[in-house]
Amino acid sequence: MQTIAERLKSAHARIENATASAHRPPNSVKLLAVSKTKPVSDIRQAYDAGQRLFGENYVQEGVEKINELKELEGVEWHLIGPLQSNKTRVVAEHFDWVQSVDREKIARRLHDQRPDDLPPLNVCIQVNIDDEASKSGIPASELPALVESVSQMDRLVLRGLMAIPRADATTEQQHQTLSQLQELFSQYHTKLTNFDTLSVGMSGDAEAAIENGSTMVRIGSAIFGARE
Ligand SMILES: *Cc1c(COP(=O)(O)O)cnc(C)c1O
């Protein structure tokens, strides 16, 4: 059995190799450790091994962990799961990032509810890049309007885009999806200050995502082991 520290090391090696193969600058891809369903003891182990960015999918579980791990300095908490409007307040009060913003109403509530004594909340807009009915995120066609409104909200910082490409794609489909996403990202990256994050790539497709411009891979099972 490998330890969490060893698996983290392998994840960093994968990122470094993929970044080098893609002729991208070293350290241009961040690692978000996805700790959903895993106990706080696992998060502590990852923290002790140097990990600082953690992703949670479920609001209640995430908030409990954030409260339990308050003493860990320098941790950045990212919400990456779907967010309903009745949960925005507790999210605005606890998380550092919300990557799953998919409508103006949610953005507006996060903006209004972000406490004054905290820095603005970092957000990404989730794009349903493969137009899958089962998936959250907005279609690419609705992106310009949402970017426009979110970028006016001064208690939010629009950091970029997040997507979950379909897992069953052929290599060719996968490449097409990822390059479409990269193109959407570049359009705004050149226009908007702070729009520096393309969050795409998981345990199974991190290399392909990095080849197509990902700046943040979200890795869960390859670090913490399979989930129940
Ligand atoms: C669970 C999850 C991940 C991590 O998936 P792994 O395959 O375990 O690496 C990444 N992003 C999102 C949105 C997830 O829900």
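Residues numbered from 1 in each chain as written. Predicted model: local features only at pLDDT ≥ 70, side-chain atom pairs only at ≥ 80, totals over all residues. Heavy atoms only, no water.

### Here's the deal with the site of the ligand
No. 1: Around the ligand, the structure places Val34, Lys36, Asn57, Ile80, Ile164, Met202, Ser203, Arg218, Ile219, Gly220, Ser221 and Arg227.
No. 2: At 2.7 Å from an oxygen atom of the ligand is found a side-chain nitrogen or oxygen belonging to Asn57.
No. 3: Contact distances for the ligand include 2.8 Å between an oxygen atom and a side-chain N or O atom of Arg227.
No. 4: The protein chains hide 88% of the 390 Å² of surface that the ligand would expose on its own. (Near = heavy atom within 4 Å. Polar contact = N/O pair within 3.5 Å; in protein donor to acceptor, adjacent residues only side chain to side chain. Areas by Shrake-Rupley, 256 points an atom, 1.4 Å probe, with all protein chains shown as cover.)

### What about the pattern of salt bridges?
No. 1: Per the stated rule, a full pass over the model turns up 8 salt bridges.
No. 2: Here Glu61 makes a salt bridge to Lys65, at a shortest N to O gap of 2.6 Å. With Glu61 and Lys65 both in helix 3 (residues 59–68) and 4 residues apart, the pair spans about one turn of that helix.
No. 3: The exposure class of Lys65 is buried, given its relative accessible area of 6%.
No. 4: Notably, a salt bridge pairs Arg108 with Glu104, separated by 3.8 Å at the nearest N-O pair. With Arg108 and Glu104 both in helix 5 (residues 104–113), this residue pair falls 4 residues apart, about one helical turn. (Salt bridge = Lys/Arg side-chain N within 4 Å of Asp/Glu carboxyl O. Helix = DSSP H or I, 4+ residues; strand = E, 2+ residues; numbered from the N terminus. Buried < 20%, exposed > 50% of the residue type's maximum accessible area, 1.4 Å probe, protein only.)

### With respect to the packing of aromatic side chains
No. 1: Inspection of every chain in the model, using the stated rule, returns 3 aromatic pairs.
No. 2: Between the aromatic rings of Tyr188 and Phe195, the centroid separation amounts to 5.6 Å while the plane-to-plane angle is 45 degrees, which identifies the pairing as tilted. Taken individually, Tyr188 and Phe195 each receive the classification buried, so the pair is uniform in this respect.
No. 3: By way of ring pairs, the aromatic residues Phe185, Tyr188 and Phe195 are connected into one cluster.
No. 4: Cation over ring: Arg52 sits above Tyr47, and NZ or CZ is 3.7 Å from the ring centre. (Phe/Tyr/Trp six-rings, centres within 6.5 Å; stacked < 30°, edge-to-face > 60°. Lys NZ or Arg CZ within 6 Å of the ring centre and 35° of its normal.)

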